[in-house]
Amino acid sequence: MTAWHPGLYVVATPLGNLEDLSPRAKAAFQAASLIAAEDTRVTGRLARAAGSTARLISLTEFNVRERTPEVLAAAVEGVAVLASDAGTPGVSDPGARLVAAAHAAGVRVVPVPGPSALAAAVSVAGFDSAVTVFAGFLPRKQGERRARLTELAGPDRMVVCFESPGRVAALLTDAAEVLGDPEAVVCRELTKLHEEVVRGRASELATRFRDARGEVTVVIGPAEPRTAGSHADAAALLAAFRRAGARRSAAAAEVARLTGADRSALYALWDGPGGDGEA
């Protein structure tokens, strides 16, 4: 049986299926005097179902600094719980700042592990990769998103990211165009009634999930190694980078890496017809 010493307990909660709430997570809710969560309505229902009488407060990116002293004070006196709406707190949410503050203040921090969209997606992706890169939410602007993808991806890496349903198709299209159309896996509504786990080429998945709904986690497999391509291939890719808003030096370097074309030639090509001379 767990001994509940004073501290901040970081409690993972179900992604959708309530049966995934662990006995220890339930006991943490029961032992807590205060529970901090982004959406107190969602976590409140879960806490009540677990038999908790703890006080709930919201902890968002807008109030985390203001609420941190209150949570830490509760953690010094007894059990304070940090929970997310779904999954593991501190992964692409403001809870990470609260945890950092707890460490800085010398407050005991205890993980109560459990459901995680990141771990769940990796487990069903089936990519045998030496390196897993978690990207969180990628930039909304296409040029920035493509640059981030090319920075993170590689032949020995898989990239995991969260994405809103309205931008999943755009993300997959970008992956197809700048990473050589690698295989990817879309995990939609994990553990919920309409759960989907689909693997295929990024371009194919972009079409399939053009009108996606619900929570989405995307795993992009290792970038396809490219052999030296034709001048036309390199020029077309360079033009795509330019349209996406990339800078000339970065675009030339990346197209050279992807196609085997000469970097200096690509740099000069940028100033050809349609070029704007941007450095």
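Heads up: these notes are all about the structure in this document. Residue numbers restart at each chain and count upward from 1, following the sequence in its written direction. Residue-level local features of this predicted model are given only where pLDDT is at least 70; pairs of side-chain atoms are given and counted only at 80 or more, and the full residue set underlies all totals for whole chains, interfaces and linings. Excluding hydrogens and water, the side-chain values take into account all heavy atoms of the structure.

1. Overview of helix α7 (residues 168-178)
Along an α-helix, residues three or four positions apart point the same way, because every turn accommodates 3.6 residues.
And step 1. Think of it in three bands: with a 1.4 Å probe and only protein chains considered, a residue is buried below 20% of the maximum accessible area for its type, exposed above 50%, and partly exposed in between. Each helix corresponds to a stretch of at least 4 residues labelled H or I by DSSP, and each strand to a stretch of at least 2 residues labelled E; elements are numbered beginning at the N terminus. Burial analysis of α7 places eight of its 11 residues in the buried class, the great majority of the element.
And step 2. Gly180, located one to two residues past α7, shows a positive phi value of around 85°.

2. Quick look at the packing of aromatic side chains
For any pair of aromatic rings, geometry is given as the distance between the ring centres together with the angle between the planes.
And step 1. Only centres within 6.5 Å qualify two rings of Phe, Tyr or Trp (six-membered ring in Trp) as a pair; their planes then separate them into stacked at under 30 degrees, edge-to-face at over 60, and tilted for everything else. Evaluation of the coordinates by the stated rule reveals three aromatic pairs.
And step 2. Ring centres of Phe137 and Phe162 lie 5.7 Å apart, and the angle between their planes is 65°; this geometry places the pair in the edge-to-face category. Of this pair, Phe137 sits in strand β6 (residues 131-137) while Phe162 sits in strand β7 (residues 157-163); the two residues are 25 residues apart in sequence, bridging distant segments of the chain.
And step 3. Linked through ring pairs, Phe134, Phe137 and Phe162 together constitute an aromatic cluster.
And step 4. Should the NZ of a Lys or the CZ of an Arg lie within 6 Å of a ring centre and within 35 degrees of the ring normal, that charge is described as sitting over the ring. Lying over the aromatic face of Trp270, Arg242 brings its terminal NZ or CZ to 5.3 Å of the ring centre.

3. Considerations on the nonpolar core
Across soluble globular proteins, nonpolar side chains have a tendency to be buried as a group.
And step 1. Buried residues of nine kinds, namely Ala, Val, Leu, Ile, Met, Phe, Trp, Tyr and Cys, make up a nonpolar core once their side-chain atoms join them within 4.5 Å. Among the nonpolar cores identified, the biggest contains 39 residues, and Leu149, Leu172, Leu179 and Ile220 are the most heavily contacted of them.
And step 2. Counting residues per element, this core draws most heavily on α7, which supplies six residues.
And step 3. With near-sequence residues (within four places) excluded, Ile220 lies in contact with Phe127, Leu149, Arg157, Met158, Val159, Leu171, Ala175, Leu179, Pro182, Glu183 and Ala184. We call two residues in contact when some of their heavy atoms are within 4.5 Å.

4. Focus on the pairing of strand β1 (residues 7-11)
And step 1. Most of β1 is tucked away, with five of its five residues classed as buried.
And step 2. Sheet analysis places β1 next to strand β4 (residues 79-83), joined by five bridges and oriented parallel. Directly across from Leu8, in β4, lies its bridge partner Ala80. Pairing between strands is defined by DSSP: at least two bridges between the two strands are required.

5. Overview of the sheet that holds strand β5 (residues 109-112)
Pairing between the strands of a sheet comes from backbone hydrogen bonds, and it takes one of two forms, parallel or antiparallel.
And step 1. Read across the sheet, five strands follow the order β3-β2-β4-β1-β5 without closing on themselves; strand pairing throughout is parallel. Edge positions in the sheet fall to β3 (55-58) and β5, since each has one partner strand and no second. The average angle at which neighbouring strand axes cross in this sheet is 25°, direction not considered.
And step 2. Axis angles are defined between N-to-C directions and span 0 to 180 degrees, where every axis is a line fitted to C-alpha atoms and, for a helix, only to the segment in contact. Across the face of the sheet, helix α1 (residues 23-31) comes into contact with β1, β2 (34-37), β4 and β5 while running at roughly 125° to β4.
And step 3. Across the face of the sheet, helix α4 (residues 95-104) comes into contact with β1, β4 and β5 while running at roughly 150° to β1.

6. Let's talk about the environment of Ile220
And step 1. Secondary-structure assignment places Ile220 in strand β10 (residues 216-220).
And step 2. Overall, Ile220 belongs to the buried group, its relative accessible area being 2%.
And step 3. Between the C-alpha atom of Ile220 and that of Thr68, which follows or precedes it by 152 residues, the distance is 35 Å.

7. Let's talk about the pattern of salt bridges
And step 1. A pairing counts as a salt bridge when a side-chain nitrogen of Lys or Arg comes within 4 Å of a carboxyl oxygen of Asp or Glu. Counted by the stated rule, this structure contains 11 salt bridges.
And step 2. In this structure, a network of salt bridges that share partners links the residues Arg145, Arg146, Asp174 and Glu177.

8. A closer look at unusual backbone geometry
And step 1. Here Asp181, not a glycine, exhibits a phi torsion of approximately 55°, which is positive.
And step 2. The residue Asp181 is located in the loop between α7 and β8 (183-188) in this model.
And step 3. Backbone geometry places Glu189, a non-glycine residue, at a positive phi of 55°.

9. Quick look at the environment of Arg247
And step 1. Tracing the backbone through its elements, the reader meets Arg247 in the loop between α9 (231-243) and α10 (248-259).
And step 2. The class for Arg247 is partly exposed, based on a relative accessible area of 47%.
And step 3. Between the C-alpha atom of Arg247 and that of Leu172, which follows or precedes it by 75 residues, the distance is 22 Å.

10. Notes on the environment of Leu258
And step 1. The residue Leu258 is located in helix α10 in this model.
And step 2. As a C-alpha pair, Leu258 and Asn17 span 241 residues in sequence and 42 Å in three-dimensional space.

11. Observations regarding the packing of helix α6 (residues 142-152) against α7
And step 1. Remark: α6 packs on α7, axes separated minimally by 10 Å, with the N-to-C direction vectors making an angle of 55°. Put simply, α6 runs oblique to α7. Taken as a pair, α6 and α7 cross one another with a handedness that is right-handed. For the pair α6 and α7, contact is made by Gln142, Arg145, Arg146, Leu149 and Thr150 and by Ala170, Leu171, Asp174, Ala175, Glu177 and Val178, respectively. Working definition: roughly parallel below 35 degrees, roughly antiparallel above 145 degrees, roughly perpendicular at 65 to 115 degrees, and oblique for all remaining angles. Crossings are assigned a handedness: left-handed for a near helix turned anticlockwise from the far helix by less than a right angle, right-handed for a clockwise turn.

Geometric values such as these leave the question of function open.
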